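In case you want the letters, here they are:
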Amino acid sequence: MSNEKNRPGAIVLGGNFVGLGIARSLGARGIPTWVFDADRSKSIAQFSRYTTRFIETKEAITDVLLAEGRRHGLNGWVIFPVVDEYVEILSANHQSLSAIYRVTSPLPEVTKFALDKRLTYSRANELGVAVPWTSVGNSLADLEAEGVPYPAILKPAVNHHFFPHTNIKALPIDTPAELERGFAQMSRYIPASEILVQERIPGGGENQFSYCAVCKDGRAYASLVARRSRQYPIEFGNASTFVETTSQPIVEEAGRRFLESIGLDGMAEVEFKFDPRDGKYKILDVNLRPWGWHALGKAAGIDFPYLLWRQAVGLPVTPIKTHQKAAWIREITDLVAIAKSRNPKAEIKRLLKALYGGKFTSATLSLTDPVPFF
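Residues numbered from 1 in each chain as written. Predicted model: local features only at pLDDT ≥ 70, side-chain atom pairs only at ≥ 80, totals over all residues. Heavy atoms only, no water.

## So, the overall build of the chain
Item 1. Counting its regular elements, the chain contains 14 helices and 16 strands.
Item 2. Taking 2.2 N^0.38 as the reference for a compact globule, 374 residues should give roughly 21 Å; the C-alpha atoms of the chain span a radius of gyration of 20 Å, in line with that estimate.
Item 3. C-alpha extents for the chain along the principal axes are approximately 65 × 45 × 40 Å.
Item 4. Looking at the chain residue by residue over its 374 residues, the buried ones come to 55%.
Item 5. Sequence separation of at least 24 residues holds for 68% of the intrachain contacts in the chain that already meet a minimum separation of 6.
Item 6. Accessible surface, the chain: about 16500 Å² in total, of which carbon and sulfur atoms supply 52%.
Item 7. Both charge centroids of the chain, one from 45 positive and one from 39 negative side chains, sit 7 Å from each other. (Helix = DSSP H or I, 4+ residues; strand = E, 2+ residues; numbered from the N terminus. Rg over C-alpha atoms; globule rule 2.2 N^0.38 Å. Buried < 20%, exposed > 50% of the residue type's maximum accessible area, 1.4 Å probe, protein only. Contact = heavy atoms within 4.5 Å. Areas by Shrake-Rupley, 256 points an atom, 1.4 Å probe, with all protein chains shown as cover. Lys, Arg positive; Asp, Glu negative; His and termini not counted. Charge placed at Lys NZ, Arg CZ, Asp CG, Glu CD.)

## What to know about a nonpolar patch on the surface
Item 1. On the surface, a nonpolar cluster with roughly 430 Å² of combined accessible area is contributed by Ile-348, Leu-352, Leu-355 and Tyr-356.
Item 2. Locating Leu-355 in the fold gives a position in helix H14 (residues 344-357).
Item 3. Exposure remark for Leu-355: the relative accessible area of 37% places this residue in the partly exposed category. (Patch = residues over 30% accessible without salt bridge, like charges linked within 9 Å, V, L, I, M, F, W, Y side chains within 5 Å. Salt bridge = Lys/Arg side-chain N within 4 Å of Asp/Glu carboxyl O.)

## Section: the sheet that holds strand E5 (residues 102-103)
Item 1. Pairing is parallel in the open sheet, where five strands are placed in the order E3-E2-E1-E4-E5. Two strands in the sheet have a free side with no partner beyond their single neighbour: strand E3 (53-56) and E5.
Item 2. Relative to E3, strand E2 (residues 33-37) runs parallel, the two sharing four bridges. Each bridged residue has a counterpart across the sheet, and for Trp-34 the counterpart in E3 is Arg-53.
Item 3. Relative to E2, helix H2 (residues 61-72) is tilted by about 150°, and along the sheet it contacts strand E1 (10-13), E2, E3 and strand E4 (78-81). (Pairing = 2+ DSSP bridges. Axes fitted to C-alpha atoms, helices over the stretch in contact; angles between N-to-C directions.)

## Let's talk about helix H10 (residues 249-261)
Item 1. For H10, which comprises 13 residues, the first-to-last C-alpha distance of 18 Å matches the rise-based estimate of 18 Å (1.5 Å per residue) to within 8%.
Item 2. All buried positions along H10 are accounted for by Val-251, Ala-254, Gly-255, Phe-258 and Leu-259. Taken around the axis of H10, the buried residues stretch over an arc of 125°, which confines them to a single face.
Item 3. Next to the buried residues of H10 lie helix H5 (108-115), helix H6 (117-127), strand E10 (208-216), strand E11 (219-232), strand E13 (266-275) and strand E14 (280-287).
Item 4. The N-terminus of H10 is capped by Gln-248, whose side-chain oxygen sits 3.1 Å from the backbone nitrogen of Ile-250. (Expected span 1.5 Å × (residues − 1). Arc of directions from axis to C-beta. Polar contact = N/O pair within 3.5 Å; in protein donor to acceptor, adjacent residues only side chain to side chain.)

## Digging into the pattern of salt bridges
Item 1. Per the counting criterion, the structure on display carries 22 salt bridges.
Item 2. Ionic pairing is found between Arg-228 and Glu-271, a salt bridge with its closest N-O pair at 3.6 Å. Here the residue Arg-228 occupies a position in strand E11, and Glu-271 occupies one in strand E13, the gap between them amounting to 43 residues.
Item 3. Looking at Arg-228, the relative accessible area reads 11%, which means it is buried.
Item 4. For Glu-271, a relative accessible area of 9% translates into the label buried.
Item 5. Several salt bridges converge on common partners, so that one network encompasses Glu-199, Asp-275, Arg-277, Asp-278 and Lys-282.

## Digging into the nonpolar core
Item 1. Ranked by size, the top nonpolar core spans 39 residues in total, and within it Leu-26, Phe-80, Val-214, Trp-293, Phe-304, Trp-309 and Trp-328 carry the most contacts.
Item 2. Elements with a minimum of two residues in this core: E1, helix H1 (17-27), E4, E10, E11, helix H11 (295-300), helix H12 (304-313) and strand E15 (326-329).
Item 3. In terms of residue count, the dominant contributor to this core is H12 (six residues).
Item 4. Contact partners of Val-214, with chain neighbours within four places excluded, come to Arg-219, Ala-220, Tyr-221, Ala-222, Gly-266, Met-267, Phe-304, Leu-307, Leu-308 and Gln-311.
Item 5. Listed in part, the 29 residues of the second largest apolar core include Phe-113, Tyr-121, Ala-220 and Leu-259. (Core = buried A, V, L, I, M, F, W, Y, C linked by side-chain atoms within 4.5 Å.)

## Some words on the packing of aromatic side chains
Item 1. Scanning all chains against the criterion turns up nine aromatic pairs.
Item 2. Geometrically, the ring pair formed by Phe-209 and Tyr-281 is edge-to-face, given 5.5 Å between the ring centres and 75° between the ring planes. Of the two residues, Phe-209 is situated in strand E10 and Tyr-281 in strand E14; the sequence distance between them amounts to 72 residues.
Item 3. According to the relative accessible area criterion, Tyr-281 is buried, its value standing at 15%.
Item 4. A network of ring pairs unites the aromatic residues Phe-209, Phe-274 and Tyr-281 as a single cluster.
Item 5. Geometry around Trp-34 places Arg-53 over its ring, the cationic atom sitting 4.7 Å from the centre.
Item 6. Cation over ring: Arg-123 sits above Phe-113, and NZ or CZ is 4.4 Å from the ring centre. (Phe/Tyr/Trp six-rings, centres within 6.5 Å; stacked < 30°, edge-to-face > 60°. Lys NZ or Arg CZ within 6 Å of the ring centre and 35° of its normal.)

## Some points on the environment of Ser-135
Item 1. Positionally, Ser-135 belongs in strand E6 (residues 134-136).
Item 2. Every residue in contact with Ser-135, bar those within four places of it in the chain, is listed here: Leu-143, Glu-146, Ile-195, Leu-196 and Val-197.

Written out as structure tokens, the structure is:
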């Protein structure tokens, strides 16, 4: 580490806009950054000026990483996953991969609290963090016996076992007949024991908040709270389209308490939704990886991937106590979200206010790195 030219590089597993944000964060600081992706046609990060090398791989990712590491002498390089499937693989193979790399995904005893929502909600209940009414069983009859509070949703306990097959995060259900149809649909992909029925909290993205942090030795040293102002699809967004930093002490305290309770060493997003019926902020999901709009942090003054890279390679990290106001947009998708919103004019005003009210960044558009956008 004494020679800056020999600084360890980074490998990003996934070339979508999330991976692009990591490549830009690290590459702009002169850190060699390789991007691996199973599908070249869907990888925009390969076109970034900050991507040193792009590898399309359809083989088992652990075998590829070990082979490339030995072949190119990648000792000490840092691995960043961008989807839960890679988090699980890196976590399960932590020991073998750590012989060469620095792995940012924690061990299974930590990642299980994020990858499996049954454990997420169980831990939150132990901590006194509010959770939505949720039930799980081994059959449709088990769920019906609980007395489902319609309107509700069906969602997978382990998202990456279901979402890649359907591109659906949750199914709305308003009647027992819809519950039966939705349960049958999800059962084609995941076992009944992984199907959750959950109360449907009113409101859209404007009621969704996230606590985002990077932690070392189980303590958060840099964090922010953001509001998911718009998402698409509108009601059950697969992804955020417009996100702004905000202040919400309840979300900050609950998110920090959850991450520190599991002893996290890494970066994470804890998602909450405000329930206007009882005034509680209820935990929905935990992501122990870079999330869709992590680049908002860099605009606000907390560059999460770079902080985690420094931490992983043993460079000093200091607590960051404050950050700037900032906003993030997923360009074209957000235009669709605005057009389909209840009040497009109001959403346009909100966007313009953010443009002129603080730091602003986007998912793909960058004047210094324009090719991925086009």
